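Single-letter residue listing:
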Amino acid sequence: MNKLSVTIDDKTFEVEVSAQQGTAGEFSVYVDGEPLMVYVPDADTPEAVDWMIVDNRPYEMVFATDMRSVQLEGLRHNIQVRDRETRGVRPISGDGRIKAPIPGLIARINVEPEQKVEAGQTVLVLEAMKMENEIRAAKAGVVRQIHVKPGQTVVLHEALVEIE
Amino acid sequence: MFKKILIANRGEIAVRIIRTCREMGIATVALYTVADRDSLHVRLADEAMQLHSAERYGAADEVLAVARQLGVDAIHPGYGFLAEEADFAERCAQAGITFVGPSPAVIRSLRNKVEAMDVVKRAGYRVPLYAELPEGELDEAYLAQRAEEVGYPLVVKSARGGRGRGARVVITPERLAEAVATARREAEMIYGDDHLYLERVIAPSHYVVVQILADAHGNMVHLGEREGSLLRHNQKLIEESPAPSLQDEQRQALWRMALDIAHLFHYQNTGAVEFLVDSAGNFHFTEVKARIQIEHAVSEMVSDVDIVREQIRIAAGEALGRSQADIHLSGWAMQCRVNAEDAWNDYLPSPGLISRFRLPQGPDVRVDTYGYVGCEIPLRFDPLLANLIVKADTRDACVQRMRRALQEFRVVGVQTNLPLHMQILHDEKFAAGDYDTRFMTNFRFETKCRDEEVRQDLAAMVAVAYTLRRRIGKSQTPERIQTGWHRSARRLPV
């Protein structure tokens, strides 16, 4: 029996997952004490799972690769899973690094090292799919490092600027 | 009729054109770039040639060289790229290749939006207030004065224009200089021409266009109007036909006006005459789109006319062979533009590899797309991935059909705006047909799930997914063998 605390957006549920039993892909699950049967296709390749049945209710979803969010019925939910046995929490990125949200080309850089920035201030402009995308600071701080130059192509999640 | 047509375009429009060519027994030549080699149009064409120059699909020299080399008799430009390029159309003619579109002279007279408005204004039709800006660096005082003549709020537009790119709305004078600079940069980047003009914003308003077909023998018909008032960042998201904002008498007047204006330009081939409708119901002419449009399928659904087929027939010199009385507009059609972009992340483009792709099916549902499972959505190009079009007898039934089609449509691997479309289709005002160009400004993208049972089920599913992943994560492989091996390397390439 695996005991977890699952937070969906702002609400936390206490969940117990039993070992797979009987038919392949079927798990008996207790959510806040309420028994539910969950069917998972492709239980052997969890990264590829994109639908499940809970009791008699089928759902299609997309889990983010980092398991920090899930999309279901046109909505995206932030999720956090806390393992009550190991007390492990999935990490949350809270550092001041601004990463590339999409691959693209650095069109312009609007800040200099040691410059103070406000939350929401445009730090640089990333060009992708023929659109100029303004990349803004998530919080106020001081620009410590700029890792890129104008004209440079960047890959997804590449660190662009560090703000302290 | 032509034996072989080269399609100087990519994406869903290239696929769309290939389909009609095949039905007409015309061989097709597709073009592609390295980034685009996986797209469906390459697979479906009879021949496919790679483009090497930096201008990609806009490379006139290279496209003409391929056309000559493979002996095509016509070039279909689709929209964007070489469509509405008079010089290119002229060079095609010189090379003895038919350009599927209006003549170079007609393209030229419509290409400059300011000159086209001059012509229409002189003929006595309403146009919005506008002022042309000279090229090059502008004196701020001069700019301010021109803007004052037009009045605020105004929109800075590219004279070359099209697809809403490079346009910037300016509400107060302080923002004018910056908006002009940005619009100039974007216009230069997208159209290779930084010629701008200022146009007075008519708000609230409705965007309506009338679809026109005109042959070389003096016959001209319309296929009704489309409404495209649902825009986000100047890009249309949803189009429909007929326009829910118009009464039948207005509709008749609009069609007549569109045909008259098309005649002013001696228009030929297919095109769309575009108007803004103000709150008093006045039509203001804005431009003629001298090409096929992304949303043409909406008109095809209500008129039962294959617009691409007509384009090709007209280009080949054939007569329309039908009068206005032969065209019966029936039912209601609607299109959602499915873009590879992330509604939760400021609508940033979302390129990547499509790992799952399930198209909606069933009665009166059509999807034009270049995507399929395993196809790479390239970073280089426009985020438009698919056009989803549905038809029904009434608008209500059409909205219901679109909702269910959106629910069936599933794309995994790249983020799409399908959730946004779903929420718009469930908006009360939209469902009632009561919306104008301000709709998206006031629209709030819902992110909270209020259904407690769904949340409980979701908690169960998240727990199972987590348990399974952790089990796989705790690999049977000894630690020492895993050393130096990056975990994420196991994942599908993103």
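Residues numbered from 1 in each chain as written. Chains lettered and ligands numbered in written order. Predicted model: local features only at pLDDT ≥ 70, side-chain atom pairs only at ≥ 80, totals over all residues.

### Topic: the overall build of chain A
Then comes step 1: Regarding its fold elements, chain A presents zero helices and 16 strands.
Then comes step 2: In summary, chain A has a C-alpha radius of gyration of 21 Å against a globular reference of 15 Å for 164 residues, an excess of more than 25%.
Then comes step 3: Counting only C-alpha atoms, chain A reaches 60 × 35 × 25 Å along its principal axes.
Then comes step 4: Here chain A holds 164 residues, and the buried ones make up 25% of them.
Then comes step 5: Taking as baseline every contact in chain A between residues at least 6 positions apart, the subset at least 24 positions apart corresponds to 35%. (Helix = DSSP H or I, 4+ residues; strand = E, 2+ residues; numbered from the N terminus. Rg over C-alpha atoms; globule rule 2.2 N^0.38 Å. Buried ≥ 20, exposed ≤ 12 C-beta atoms within 10 Å, placed from the backbone. Contact = placed C-beta atoms within 7 Å.)

### Observations regarding the packing of helix H4 (residues 86-94) of chain B against helix H5 (residues 104-111) of chain B
All names here are of chain B.
Then comes step 1: Where H4 contacts H5, the two axes come as close as 8 Å, and the packing angle between them is 175°. By the criterion of interaxial angle, the relationship of H4 to H5 is roughly antiparallel. Residue-level contacts link Ala86, Ala89 and Glu90 of H4 to Pro104, Ile107, Arg108 and Arg111 of H5.
Then comes step 2: Here the residues of the contact of H4 with H5 are counted per class, giving four nonpolar, no polar and three charged. (Axes fitted to C-alpha atoms, helices over the stretch in contact; angles between N-to-C directions. Parallel < 35°, antiparallel > 145°, perpendicular 65-115°, else oblique. Nonpolar A, V, L, I, M, F, W, Y, C, P; charged D, E, K, R; others polar.)

### Section: the interface of chain B and chain A
Then comes step 1: In this assembly, 39 residues from chain B lie in contact with 49 residues from chain A.
Then comes step 2: When residues in the side of chain B that touches chain A are grouped by element, the largest group, 16 residues, is from helix H16 (residues 452-473) of chain B.

### Concerning unusual backbone geometry
Residue and element names in this part refer to chain B.
Then comes step 1: The amide bond that connects Tyr152 to the next residue, Pro153, takes the cis arrangement and shows omega of -5°.
Then comes step 2: For Pro153, the location among the structural elements is in the loop between helix H7 (140-150) and strand E7 (154-158).
Then comes step 3: A cis amide bond links Ala203 with the next residue in sequence, Pro204, at an omega value of 0°.
Then comes step 4: Its place among the elements puts Pro204 in the loop between strand E9 (196-200) and strand E10 (205-214).

### Side note on the pairing of strand E2 (residues 11-17) of chain A
Residues and elements named next belong to chain A.
Then comes step 1: Across seven bridges, the pairing between strand E1 (residues 2-8) and E2 is antiparallel. Looking at the pairing, Thr7 lines up with Thr12 of E2.
Then comes step 2: Hairpin connection, E1 to E2: the antiparallel pair is bridged by two residues, and Asp9 has positive phi, about 55°.
Then comes step 3: As paired strands, E2 and strand E3 (residues 26-31) are joined by three bridges and run antiparallel to one another. Its bridge partner lying in E3, Val17 is registered against Val29. (Pairing = 2+ DSSP bridges.)

### Overview of the confidence of the model for chain A
All names here are of chain A.
Then comes step 1: In the predicted model, chain A carries a mean pLDDT of 84, and 91% of its residues have values of at least 70.
Then comes step 2: Mean pLDDT across the secondary structure elements of chain A bottoms out at strand E13 (residues 131-136), with 78, and peaks at strand E5 (residues 51-54), with 96.
Then comes step 3: The low-confidence segment residues 88-94, where pLDDT is below 50, has five contacts with residues more than four positions distant or belonging to other chains. (pLDDT = per-residue confidence, 0-100.)

### Re the sheet that holds strand E12 (residues 235-241) of chain B
Residues and elements named next belong to chain B.
Then comes step 1: Spatially, eight strands are ordered E14-E13-E10-E11-E12-E15-E22-E20 in an open sheet, and the strand pairing comes out antiparallel. Strands with a single pairing partner mark the edges of an open sheet, and in this sheet they are strand E14 (283-289) and strand E20 (365-369). Each neighbouring strand pair of the sheet contributes to a mean axis angle of 25°, computed without reference to strand direction.
Then comes step 2: Sheet analysis places E20 next to strand E22 (residues 384-392), joined by five bridges and oriented antiparallel. Bridge pairing in E22 links Arg366 to Ile389.

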